[in-house]
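# A closer look at the structure
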Amino acid sequence: MAINKSRPKKPSKLSVYLYIPNIIVSTFGAVLDMITDRISTACLLVILSQVYRPGLTFVSLVALDIGSHWLQMYSTFLLGKASHKDVKDSTSWLFRAYYGNRMFMAYCCVACEVLYISLYLLAEKPTEHLMDVLLSLTKEISPFSILVGLSLFGWAIKQVVNVIQMKTAADICVLHDINKKESP
């Protein structure tokens with residue numbers, strides 16, 4: 001009796017594109033998730049840059065978000081890691097806590113988006129000053145002002161993590177270049 005030692009059939013490109021469980025755990029899925037996150041955040045920030053002054057604040061946040069994530073993805077590629085969220089060897093406790101605790105990371109990400117949407121909803125007239133709107137929220141305690149306050153905390157942590165991420169990833173890219181020059 002012959003034993004069938006055939007290998008499992010390799011999935012087609014179309015099945016990876018269309019089969020949702022594949023997307024969640026695939027390289028394609030990780031890239032798609034990253035692109036979707038960056039584009040949606042950039043769109044919200046560009047809209048806010050037109051609603052509030054100084055608009056450069058929001059444009060700078062776009063640059064920080066895209067730049068830090070681009071460098072993180074590229075440095076992950078250089079190190080041969082499977083995920084940009086693999087930061088076990090990082091020296092930053094906040095960076096490890098952010099990527100190591102999915103609930104904490106989810107809170108920060110959702111807080112960021114909730115803050116941006118809240119700021120959009122709070123704008124009463126074009127070209128309002130951001131600080132005036134935020135300070136007006138502190139004058140009366142309401143469920144909405146508490147939501148914005150909690151969102152500000154998660155947003156601030158996420159921005160600090162983005163700066164750490166950019167610096168750490170840039171260091172990895174620089175070390176890669178140094179090591180490449182030193183090796184024959």
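Residues numbered from 1 in each chain as written. Predicted model: local features only at pLDDT ≥ 70, side-chain atom pairs only at ≥ 80, totals over all residues. Heavy atoms only, no water.

Named according to an unreviewed UniProt entry, the chain is CDP-diacylglycerol--inositol 3-phosphatidyltransferase originating from Linum tenue. UniProt annotates the chain under Sequence similarities (unreviewed entry) with the comment "Belongs to the CDP-alcohol phosphatidyltransferase class-I family." According to UniProt, the comment filed for the chain under the heading Subcellular location (unreviewed entry) is "Membrane". (UniProt positions renumbered as here; feature names shortened; annotations may be inferred.)

Among the nonpolar cores identified, the biggest contains 18 residues, and Tyr52, Phe58 and Leu119 are the most heavily contacted of them. Contributing elements (two or more residues each) for this core: helix H3 (27-51), helix H4 (56-79), helix H6 (102-122) and helix H7 (130-137). At five residues, the largest contribution of residues to this core is made by H6. With sequence-adjacent residues up to four places away left out, Phe58 is seen in contact with Leu45, Leu48, Ser49, Tyr52, Leu119 and Leu130. (Core = buried A, V, L, I, M, F, W, Y, C linked by side-chain atoms within 4.5 Å. Buried < 20%, exposed > 50% of the residue type's maximum accessible area, 1.4 Å probe, protein only. Helix = DSSP H or I, 4+ residues; strand = E, 2+ residues; numbered from the N terminus. Contact = heavy atoms within 4.5 Å.)

In this structure the tally under the stated criterion is three salt bridges. For Lys167, the salt bridge identified is with Asp171, shortest N-O distance 2.8 Å. Placement of both Lys167 and Asp171 in helix H8 (residues 143-182) is noted, with a separation of four residues, approximately one turn of the helix. Here the salt bridges do not stand alone but share partners, grouping Arg38, Asp65 and Lys158 into one network. (Salt bridge = Lys/Arg side-chain N within 4 Å of Asp/Glu carboxyl O.)

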